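Structural overview for review
Read off the chains here:
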Amino acid sequence: MYFPHHNMDSGLLMGGWQETPGPVNGKHYEWQLSNGRQWKPIDNDHVIETHYCQPGAKGITINFDEMKVSIDFDKLETLTPGLKVQRLSFLPQGQTEDVGWYFRDDQLWCEYGSQSSSTLSSSISSRDIEHQFSLNPRGTFSFTVGLMTYSLDFPTMTQTNCITGLNRNVRRRPKFTSSAQSLSSTSVFPAASSSQLSDGGYKWEFMGDEGRWTEYKAHICSYDSAAIERQYQLNPRGQINFRTKKFSYTLDFSKMCQVNDSLGTTRAVRRTADNGSQQNSSLGSVPRWQFRDIGRSWTDYSKANSTISSQDIELQYQQNPSGIITFATSEFSYELNLAAMTQRNLSTNTTRPVRRLNQ
């Protein structure tokens, strides 16, 4: 199965076959893998959850128990023979999960009932569809948009125009919540047990000027990569403080960001495997963010023609991959939806697809 690059994270490191007592840190979900004998929770499954909540994500690849495991979000299956995956939901009695229902438009995934889903308002919303789904997950039901009637088939997850016969794919995904911790970037390796790591095995970097990843060095600040890694293994959800000659900073592991304590400025942080490459660690560059312009070609975001650049978007994405960013050009104001990977002109209400490319 093919997964687009921006929907796959081939470098994510997850925990091995370890017993855990169940969801922690207020999580209402848990991702598990089974090798045919028993189900085991996946360490740091917030990374999977963050991607799963994005309607455009087809799947994700993780490193689990020294092997790569690809998960198909639509089928909730792995591509590894003999290995099964499941997502469990843990909610208090009487409480239901906030779920979004989406259909694939010509280019975009649009939520039912949202303004972006149609120029005409639909007679149903995600909540309406979820109610019907809970009553009969193997059934179908009809609804209208303007003069058109549609049939939504749950078993095949398709929507059919009853007049034209046109079919569209449908997806059901949970809404992103703050309890689902932020994914820092597609290069980040989340926490693993201390037995799996060794000092110096990982490199810690912050987003420097000009969109360059810059490694922490002891002669510049009070911590280098090895020292940060030791603190991270002690508490992957904690914080550390350090100083340079001019300022003091707070490095937040849970948000993967560095904050200047005096100025309040924030920089993205990442943790990557140090494979011994001779390449200078500061040469890694920020992923490129692009939108599809009128001529259907992909155009980079740049401050040369707007108030936002790829670096600005990447920083926001790493802090909240399901957030919304507003920006402007000389003529219009726009809304960039990171979860849907779309850009909407707030004046004309036209929507364009957006993509994120690793360099």
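What counts and what doesn't
- Residues numbered from 1 in each chain as written.
- Predicted model: local features only at pLDDT ≥ 70, side-chain atom pairs only at ≥ 80, totals over all residues.
- Heavy atoms only, no water.
- Helix = DSSP H or I, 4+ residues; strand = E, 2+ residues; numbered from the N terminus.
- Contact = heavy atoms within 4.5 Å.
- Polar contact = N/O pair within 3.5 Å; in protein donor to acceptor, adjacent residues only side chain to side chain.
- pLDDT = per-residue confidence, 0-100.
- Pairing = 2+ DSSP bridges.
- Axes fitted to C-alpha atoms, helices over the stretch in contact; angles between N-to-C directions.
- Salt bridge = Lys/Arg side-chain N within 4 Å of Asp/Glu carboxyl O.
- Buried < 20%, exposed > 50% of the residue type's maximum accessible area, 1.4 Å probe, protein only.
- Arc of directions from axis to C-beta.

Structural notes on the overall build of the protein
The helix and strand tally for the protein stands at 4 helices and 25 strands. Counting contacts in the protein only where the partners sit at least 6 residues apart, residues at least 24 apart contribute 52% of the total.

Structural notes on the side chain of N260
Within the secondary structure layout, N260 lies in strand 18 (residues 257-260). At 2.9 Å, the side chain of N260 and the backbone nitrogen of L263 are in polar contact. Among all residues touching N260, those that are not within four sequence positions of it are F247, S248, Y249 and T265.

Notes on the confidence of the model for the protein
Looking at the protein, the pLDDT average stands at 77 and 78% of residues meet or exceed 70. Of the regions scoring below 50 in pLDDT, residues 1-22 engages in 83 contacts with residues more than four places distant in sequence or in other chains. When the criterion is pLDDT under 50, residues 178-200 qualifies, and its contacts beyond four places in sequence or with other chains add up to 82 contacts.

Focus on the sheet that holds strand 23 (residues 333-337)
The sheet built from 6 strands is open, its strands ordered 21-20-25-24-23-22 with antiparallel pairing. What marks the edges here is a single partner per strand, and that holds for strand 21 (298-300) and strand 22 (324-328). Across the sheet, the axes of successive neighbouring strands diverge by a mean angle of 30°, strand direction being ignored. In terms of strand pairing, strand 20 (residues 288-292) meets strand 25 (residues 351-357) through 4 bridges, oriented antiparallel. By the bridge assignment for strand 25, R288 is matched with L357. Its contacts with the sheet place helix 4 (residues 310-319) against strand 20, strand 22, strand 23 and strand 25, and it is angled at close to 105° to strand 20.

Quick word on the environment of L33
Secondary-structure assignment places L33 in strand 2 (residues 29-34). Between the alpha carbons of L33 and Q86 there is a distance of 6.6 Å; along the sequence they are 53 residues apart.

Details of the pattern of salt bridges
Enumeration according to the criterion identifies 12 salt bridges in this entry. The partner of E49 in a salt bridge is R87, with the nearest N and O atoms 2.9 Å apart. Of the two residues, E49 sits in helix 1 (residues 46-52) while R87 sits in strand 7 (residues 84-89), which places them 38 residues apart along the sequence. For E49, a relative accessible area of 1% puts it in the buried group. Judged by its relative accessible area of 17%, R87 falls in the buried class.

Re helix 4
Along helix 4, the residues that are buried comprise S310, I313, E314, Y317 and Q318. With its buried residues spanning 130° around the axis, helix 4 presents them on a single face.

Observations regarding unusual backbone geometry
Positioned with a positive phi, M157 is a non-glycine residue whose angle comes to about 50°. With a relative accessible area of 21%, M157 lands in the partly exposed category. The phi dihedral of M341 is positive, around 55°, even though this residue is not glycine. Tracing the sequence through the fold places M341 in the loop between strand 23 and strand 24 (342-345).

Quick look at the sheet that holds strand 13 (residues 167-174)
An order of 9-8-13-12-11-10 is seen for the 6 strands of this open sheet, with the pairing classed as antiparallel. At either margin of the open sheet sits one strand with a lone partner, and together these are strand 9 (109-111) and strand 10 (140-145). Direction aside, neighbouring strands of the sheet carry axes that sit 30° apart on average. In this sheet, strand 13 lies alongside strand 12 (residues 158-161) in antiparallel orientation, the contact comprising 3 bridges. In the strand pairing of strand 13, Q159 is matched with R168.

A short note on the environment of F242
With respect to the helices and strands, F242 occurs in strand 16 (residues 239-243). In this structure F242 comes out as buried when scored by relative accessible area, which is 5%. The spatial distance from the C-alpha of F242 to the C-alpha of S222 is 5.6 Å, given a sequence separation of 20 residues. Apart from residues lying up to four places away in sequence, F242 is in contact with Y216, C221, S222, Y223, F247, S248, Y249, L251 and Q258.

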